[in-house]
Amino acid sequence: SSDVCSSDLHNPFIVVNRVNQQKSREESQAKAKSKAIFMMNSAKDAEHPYLVRKGLPRIKVPVWNNLMLVPTRIDGKLVGCQIIDIEGNKKFLRG
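On a predicted model such as this, the values are computed, not experimentally measured, just so you know.

### Quick notes on the pattern of salt bridges
One pass over the structure, following the stated rule, counts 1 salt bridge. With a closest N to O distance of 2.8 Å, glutamate 47 and arginine 58 form a salt bridge. Taken together, the residues span a long stretch of sequence, with glutamate 47 in the loop between strand 1 (44-46) and helix 2 (49-53) and arginine 58 in the loop between helix 2 and strand 2 (61-64) at a distance of 11 residues. Judged by relative accessible area, glutamate 47 falls into the partly exposed class, the value being 37%.

Structure follows, in structure tokens:
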């Protein structure tokens, strides 16, 4: 990474901290992926009030517990999803 100085590589505390941060990020991403898979598998295709209110065509999208799910994929593989509630509040699924 560009934010690592060569002197940082000789400081075991900095190295361990960076390794722990990376591990924590990977665990969080894995949890988000697992949640997304569960939610997408449990979702029903339905019209969502947010899209109707926006004037979009009445299309069916994945809806889970009144939340519209927008899948996030990398190389065709599900890695997470964005959640949009009826009011249009948006957030990305976290681990």
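Having seen the structure, we can now continue with the description.
### Considerations on unusual backbone geometry
The backbone of asparagine 66 shows a phi angle near 65°, a positive value even though the residue is not glycine. Residue position: asparagine 66 is located in the loop between strand 2 and strand 3 (67-74). Since its relative accessible area comes to 53%, asparagine 66 is described here as exposed. Notably, aspartate 75 is not glycine yet its phi reads approximately 50°, a positive angle. Of note, aspartate 75 is situated in the loop between strand 3 and strand 4 (77-84). Using a relative accessible area of 76% as the deciding quantity, one classes aspartate 75 as exposed.

### Describing the packing of aromatic side chains
The tally for this structure, following the rule as stated, stands at 1 aromatic pair. Taking 6.4 Å as the distance between ring centres and 80° as the angle between the ring planes, the aromatic pair formed by phenylalanine 38 and tryptophan 64 counts as edge-to-face. Of the two residues, phenylalanine 38 sits in helix 1 (residues 12-42) while tryptophan 64 sits in strand 2, which places them 26 residues apart along the sequence.

### Structural notes on the side chain of glutamine 82
For glutamine 82, the position within the fold is in strand 4. Using a relative accessible area of 17% as the deciding quantity, one classes glutamine 82 as buried. Contact partners of glutamine 82, with chain neighbours within four places excluded, come to Met68, Leu69, Val70, Thr72, Lys90, Lys91 and Phe92.

### Concerning the pairing of strand 3
Across 2 bridges, the pairing between strand 2 and strand 3 is antiparallel. In the sheet register, tryptophan 64 faces strand 3, and the bridge partner there is leucine 67. Two successive antiparallel strands, strand 2 and strand 3, enclose a turn made up of 2 residues, where asparagine 65 displays a positive phi of approximately 50°. One ladder, built from 7 bridges, connects strand 3 with strand 4; its direction is antiparallel. Opposite valine 70, over in strand 4, you have glutamine 82 as the bridge partner.

About the criteria used
- Residues numbered from 1 in each chain as written.
- Predicted model: local features only at pLDDT ≥ 70, side-chain atom pairs only at ≥ 80, totals over all residues.
- Heavy atoms only, no water.
- Salt bridge = Lys/Arg side-chain N within 4 Å of Asp/Glu carboxyl O.
- Helix = DSSP H or I, 4+ residues; strand = E, 2+ residues; numbered from the N terminus.
- Buried < 20%, exposed > 50% of the residue type's maximum accessible area, 1.4 Å probe, protein only.
- Phe/Tyr/Trp six-rings, centres within 6.5 Å; stacked < 30°, edge-to-face > 60°.
- Contact = heavy atoms within 4.5 Å.
- Pairing = 2+ DSSP bridges.

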